[in-house]
Amino acid sequence: MSHAGPRAPRRPGGIRRAVRAVQGASAEDRRGCLVVLWFVFAGLLLLASGLAAGVFAIQLPGAITALHDDTVRRADAERVQGRVEAVRETLHDADPAWTEYTPSVRFRSCGRTDTVLLRDDSADEPGVYRVGQTLDLMVDTCTTAPPRVRSDRIRDELVGSVRTDSVGLGVSVAVFVPLLVAAVRWSRRQDREQERWRVRRAQERLEERERERERERDRERDRS
């Protein structure tokens, strides 16, 4: 059931009220708000840079290892050609969802023909691998490790991963460490100031008690 009548006047929006409140605040209150905002911003930046540094520190060793493995295989492994027999599509239910394309390659090495699913060289884009496609493979005949694809695209991705993780780690640490040092120093300074305040308050109480004793003695003399 609707109400017929004049509408109540609209109240100013939250942002407008906040702006008016800031404009009407005293200079000391404004400085206090700025200090609070600065500490909130610094805390969020400290948390974000610390998390980023941790993520990059975890990813970088794996990226370096993969690049080193590709470098060693390019120098020492046997180079053969293989034919893509099939491409397996795997849908990963993530946010967002993505599809992984893994080639099954048939190749001949050391007088033997094998068909291997190259899980370590899968792609996340369609069209990278096609049935009937010929791939350059690096086969390590000294171990049972599966062959790897010799590809400039993969090489560029490995180099890019190492570069991105290195730069990200450096930037994150460059932001995180100074903020952490500043936070520790500020915390210690606050502790020292708090301790000085407690000592000063204790001295004031002692002085107040001493004055009270003096007044008691004065009253005792007056009565006598």
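Quick caveat: nothing in here was measured; it's all calculated off a predicted structure.

A.B. asks: Mind showing me how you'd approach the overall build of the protein here?
C.D. replies: The number of helices and strands found in the protein is three helices and five strands. Beginning at the N terminus, the succession of helices and strands in the protein can be written as α-α-β-β-β-β-β-α. Within the protein, the proportion of its 224 residues that are buried is 19%. The long-range share in the protein, meaning contacts at least 24 apart out of those at least 6 apart in sequence, stands at 59%.

A.B. asks: How should the pairing of strand β3 (residues 112-117) be read in this particular structure?
C.D. replies: Side-chain direction in a regular strand flips from residue to residue, so the side chains alternate between the two faces of the sheet. Sheet topology note: the strand β2 (residues 98-109)/β3 ladder contains six bridges and is antiparallel. The partner of Val105 across the bridge, within β3, is Val116. The loop that links β2 with its antiparallel partner β3 comprises two residues; one of these, Cys110, has a positive phi angle of about 55°.

A.B. asks: Explain the confidence of the model for the protein to me, please; I cannot follow it from the model alone.
C.D. replies: As a general rule, the predicted coordinates of low-pLDDT regions are not to be interpreted in detail. Per-residue pLDDT for the protein has a mean of 85; in total, 85% of the residues score no lower than 70. Of all the helices and strands in the protein, helix α1 (residues 14-24) carries the lowest mean pLDDT, 63, while strand β1 (residues 78-92) carries the highest, 93.

A.B. asks: What exactly am I supposed to notice about the pattern of salt bridges here?
C.D. replies: Close approach of charged atoms allows side chains of opposite charge to pair. Using the criterion set out here, one finds 19 salt bridges in the structure. As a salt-bridge pair, Glu208 and Arg211 come within 2.7 Å of each other at their nearest N and O atoms. Here Glu208 pairs with Arg211, and both are found in helix α3 (residues 152-223), just three residues apart, close to one helical turn. Classification of Glu208 as partly exposed rests on a relative accessible area of 38%. Judged by relative accessible area, Arg211 falls into the partly exposed class, the value being 40%. Each of Glu208, Arg211, Glu212, Arg215, Glu216 and Arg219 takes part in one network of salt bridges that share partners.

A.B. asks: Is there a simple way to explain the packing of aromatic side chains in this structure?
C.D. replies: The geometry of an aromatic ring pair is captured by the separation of the ring centres together with the interplanar angle, meaning the angle of the planes. Throughout the structure, instances matching the rule amount to two aromatic pairs. A ring pair is formed by Trp38 and Phe41, whose centres lie 6.2 Å apart and whose planes are at 35°; its orientation type is tilted. Within this pair, Trp38 and its partner Phe41 are both found in helix α2 (residues 27-76), separated by three residues, close to a single helical turn. For the pair Phe39 and Trp186, a centre-to-centre distance of 5.0 Å together with 55° between the ring planes defines the contact as tilted. Of the two residues, Phe39 sits in helix α2 while Trp186 sits in helix α3, which places them 147 residues apart along the sequence. Of the residues examined, Phe39 reaches a relative accessible area of 39% and is grouped as partly exposed. The exposure class of Trp186 is partly exposed, given its relative accessible area of 35%.

A.B. asks: Looking at this structure, how should I read the nonpolar core?
C.D. replies: Most often, soluble globular proteins keep nonpolar side chains buried together rather than apart. Residues Val105, Tyr129, Leu135, Leu137 and Val149 are the most contacted members of the largest nonpolar core, which totals 17 residues. Taken together, the elements giving at least two residues each to this core come down to α2, β1, β2, β4 (134-139) and α3. In this structure, Leu135 is in contact with Val80, Gln81, Gly82, Val84, Val105, Tyr129 and Val149, ignoring residues within four places of it in sequence.

A.B. asks: What is the right way to read the sheet that holds β3 from this model?
C.D. replies: Adjacent strands of a sheet pair through backbone hydrogen bonds, lying either parallel or antiparallel. One open sheet holds the five strands; their spatial order is β3-β2-β1-β4-β5, and the pairing between them is antiparallel. The outermost strands of the open sheet, each flanked by one partner alone, are β3 and β5 (148-149).

A.B. asks: Just checking my understanding: could you explain the side chain of Thr102 for this structure?
C.D. replies: Here Thr102 lies in strand β2. Once residues lying within four places of it in the same chain are set aside, the contact partners of Thr102 are Ala86, Val87, Arg88, Leu117, Leu118, Arg119 and Ser122.

A.B. asks: How do you make sense of a positive patch on the surface when you look at a structure like this?
C.D. replies: Together, Arg188, Arg189, Arg192, Arg196 and Arg200 make up a positively charged patch on the protein surface. With respect to the helices, strands and loops of the structure, Arg192 is situated in helix α3. Residue Arg192 is classed as partly exposed on the basis of its relative accessible area, which comes to 46%.

Cut-offs applied
Per chain, residue numbering runs from 1 following the sequence as it is written. Only residues with pLDDT of 70 or above have their local features reported here, since the model is predicted, and side-chain atom pairs are shown and tallied only from 80 upward, although totals for entire chains, interfaces and linings are computed over all residues. Heavy atoms from the whole structure form the basis of all side-chain values; hydrogens and water molecules are not counted. The numbering of helices and of strands both runs from the N terminus, where a helix is a DSSP run of H or I of at least 4 residues and a strand a run of E of at least 2. Each residue is assigned to one of three classes by its accessible area relative to the maximum for its type, calculated with a 1.4 Å probe on protein chains only: buried under 20%, partly exposed between the two thresholds, exposed over 50%. Pairs of residues are marked as contacts when any of their non-hydrogen atoms sit within 4.5 Å. Two strands are said to pair when DSSP picks up at least two bridges between them. Confidence of the predictor in every single residue is expressed as pLDDT, which spans 0 to 100. Each salt bridge in this description consists of a side-chain nitrogen of Lys or Arg and a carboxyl oxygen of Asp or Glu lying within 4 Å of one another. Under the pairing criterion, centres of Phe, Tyr and Trp rings, with the six-membered ring standing for Trp, must be within 6.5 Å; the plane angle then separates stacked pairs below 30 degrees from edge-to-face pairs above 60, leaving the rest tilted. What makes a nonpolar core is a set of buried Ala, Val, Leu, Ile, Met, Phe, Trp, Tyr and Cys residues whose side-chain atoms join them at distances within 4.5 Å. Residues enter patches when they are more than 30% accessible in relative terms and free of salt bridges; like-charged ones are connected within 9 Å and nonpolar ones (Val, Leu, Ile, Met, Phe, Trp, Tyr) within 5 Å. Each accessible area is a Shrake-Rupley estimate made with a 1.4 Å probe; only the visible protein chains count as cover when residues are assessed. Positive: Lys, Arg. Negative: Asp, Glu. His and the chain ends are not part of the count. Lys charges are placed at NZ, Arg charges at CZ, Asp charges at CG and Glu charges at CD.

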